[in-house]
Amino acid sequence: MKLTKQDEELIEIAREVVLKNSDIYNDPSMHVGCAVRAKSGKVYIGVNLKTSHSVCAEQVAIGQAYACGERALDSIVAVKMDKEGKTRVVSPCGLCRYIFEKFGLNLNVVVEDIENKKILKVSSDKLLPYPYKREDKLNK
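Rules used throughout
Residues numbered from 1 in each chain as written. Predicted model: local features only at pLDDT ≥ 70, side-chain atom pairs only at ≥ 80, totals over all residues. Heavy atoms only, no water. Buried < 20%, exposed > 50% of the residue type's maximum accessible area, 1.4 Å probe, protein only. Helix = DSSP H or I, 4+ residues; strand = E, 2+ residues; numbered from the N terminus. Pairing = 2+ DSSP bridges. 1 Å grid on protein atoms, 1.4 Å probe; cavity = no way out; pocket = protein on both sides within 12 Å on 5 of 7 lines; lining within 4 Å. Points joined across faces, edges and corners; volume = space filled by probe spheres on them. Nonpolar A, V, L, I, M, F, W, Y, C, P; charged D, E, K, R; others polar. Core = buried A, V, L, I, M, F, W, Y, C linked by side-chain atoms within 4.5 Å. Contact = heavy atoms within 4.5 Å. Polar contact = N/O pair within 3.5 Å; in protein donor to acceptor, adjacent residues only side chain to side chain. Arc of directions from axis to C-beta.

## Re the pairing of strand S5 (residues 108-113)
- For S5, a buried count of five out of six residues is recorded, marking the element as mostly surrounded by other parts of the structure.
- Two elements, strand S3 (residues 73-81) and S5, share three bridges in a ladder whose sense is parallel. Bridge pairing in S5 links Ser75 to Asn108.
- Relative to strand S6 (residues 118-123), S5 runs antiparallel, the two sharing six bridges. From the neighbouring strand, Val110 faces S6, where its bridge partner is Lys121.

This is the structure in structure tokens:
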């Protein structure tokens, strides 16, 4: 899917979040900011919490949206800052992809296409095409 002006704005919000919070860690290469837009139009933000049990920025942003009563989320983007302070869009990790699926968040996810060196938007169900579900049974 093609990026919209709203997607570009969401990327900029995530970029601002990571830059404004660059003091959290001594190693900025591990710093990620996220912005998630609810279907209501409100935007919620998060940063990763690097500990022995790290929490991704996407999870923090989704948690903030949920804590504010939002249940219908529309789009999400994460931005990583490197050691030089430069930022780039990054794709969600496997656990975040699983959370999108587990919570039924049919999100538009802004991702990086490393091979073609471009940013694009995909549906979250395309990120995890074969999700684990205990109740599913293969036809024999």
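## Looking at empty space enclosed by the protein
- Enumeration over the complete set of coordinates arrives at one cavity of 30 Å³ or more.
- Of the pockets and cavities examined, the largest cavity occupies roughly 30 Å³.
- The wall of the largest cavity is formed by Glu58, Ile76, Val77, Ala78, Val90, Pro92, Phe100, Val109 and Val110.
- Elements supplying a minimum of two residues to the lining of the largest cavity: S3 and S5.
- No other element matches S3, which puts three residues into the lining of the largest cavity.
- Its residues placed into classes, the lining of the largest cavity shows eight nonpolar, no polar and one charged.

## With respect to the nonpolar core
- With 22 residues, the main nonpolar core has Val36, Leu73, Ile76, Phe100, Leu107 and Val109 as its most contacted residues.
- Those elements giving two or more residues to this core turn out to be strand S1 (31-38), helix H2 (57-67), S3, helix H3 (94-102), S5 and S6.
- Setting aside residues up to four positions removed in sequence, Ile76 forms contacts with Leu10, Cys34, Ala35, Val36, Glu58, Ile62, Phe100, Leu107, Asn108, Val109 and Val110.

## Things to note about the side chain of Lys121
- Mapping Lys121 onto the fold places it in strand S6.
- Within polar-contact distance, the side chain of Lys121 engages the side chain of Asp7 at 2.8 Å.
- Discounting residues that sit within four places of it in the chain, Lys121 has contacts with Met1, Lys2, Leu3, Thr4, Asp7, Asn108, Val109 and Val110.

## Topic: H3
- The set of residues buried in H3 consists of Cys96, Ile99 and Phe100. Taken end-on, H3 shows its buried residues confined to a sector of 100 degrees, consistent with a single buried face.
- Where the residues of H3 are buried, they touch H2, S3, S5 and helix H4 (124-127).
- Downstream of H3 by a residue or two, Gly104 has a phi angle that is positive, lying close to 65 degrees.

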